[in-house]
Amino acid sequence: MVERVRMNESGIAVEGSFELPPLANLTMEDQIFVTAFLRCHGSIKEMEQLFGISYPTVKNRLSSIAGKLEFVEIDPPASRIEVLEKLDRGEISADQAVKILGGGK
């Protein structure tokens, strides 16, 4: 948990409780590996050459790192309020709203 963030250029500081982003919670070694993978544009062949390791080792390392990261939902389900607002605007039917909200199972 981070308790203070300070901008170097302006000197402005913000205090409070801030959670680190998931990638920042990885070990420095894992962060370097992920950065290298991105810079290699996801090429496992380049990673093999860069780190002097085999294809299975690269894959195992990536799987291990991926296991430490939470999957981010990029299209989260609609909230009850959003569904009701769509229903109110006539964008969806009552039956569709019931299904979205889980009542149509």
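Scroll up a little and you will see the structure.
The structure contained in this document is the topic of the report that follows. (Residues numbered from 1 in each chain as written. Predicted model: local features only at pLDDT ≥ 70, side-chain atom pairs only at ≥ 80, totals over all residues. Heavy atoms only, no water.)

## So, the pattern of salt bridges
- Under the definition given, this model contains five salt bridges.
- Lys-68 is the salt-bridge partner of Asp-30, the closest N and O atoms lying 2.6 Å from each other. One end of the pair, Asp-30, is in helix α1 (residues 28–39); the other, Lys-68, is in helix α3 (residues 55–68), and 38 residues separate them in sequence.
- A relative accessible area of 4% places Asp-30 in the buried class.
- For Arg-89, the salt bridge identified is with Glu-91, shortest N-O distance 2.7 Å.
- Members of the salt-bridge network, linked through shared partners, are Glu-29, Asp-30, Arg-61 and Lys-68. (Salt bridge = Lys/Arg side-chain N within 4 Å of Asp/Glu carboxyl O. Helix = DSSP H or I, 4+ residues; strand = E, 2+ residues; numbered from the N terminus. Buried < 20%, exposed > 50% of the residue type's maximum accessible area, 1.4 Å probe, protein only.)

## Overview of α3
- Helix length check: α3, at 14 residues, gives a terminal C-alpha distance of 20 Å against a target of 20 Å (1.5 Å per residue), a fit within 8%.
- Turning to α3, its buried residues number three or more, namely Val-58, Leu-62 and Ile-65. Mapping the buried residues of α3 onto a view down its axis gives an arc of 65°, with all of them on the same face. For α3, the exposed residues lying more than 90 degrees away from the buried face are Asn-60 and Gly-67.
- Looking at the buried residues of α3, the elements they touch are α1 and α2 (44–51). (Expected span 1.5 Å × (residues − 1). Arc of directions from axis to C-beta. Contact = heavy atoms within 4.5 Å.)

## Some thoughts on the layout of surface pockets
- Put simply, the largest pocket is a space of about 160 Å³.
- Around the largest pocket sit Leu-23, Val-34, Phe-37, Leu-38, Leu-62, Ile-65, Ala-66 and Leu-69, which together line it.
- The set of elements that each furnish at least two residues to the lining of the largest pocket consists of α1 and α3.
- Its residues assigned to classes, the lining of the largest pocket comprises eight nonpolar, no polar and no charged. (1 Å grid on protein atoms, 1.4 Å probe; cavity = no way out; pocket = protein on both sides within 12 Å on 5 of 7 lines; lining within 4 Å. Points joined across faces, edges and corners; volume = space filled by probe spheres on them. Nonpolar A, V, L, I, M, F, W, Y, C, P; charged D, E, K, R; others polar.)

## Some words on unusual backbone geometry
- The phi torsion at His-41 lies on the positive side, around 55°, for a residue other than glycine.
- Position of His-41 relative to the elements: it lies in the loop between α1 and α2.

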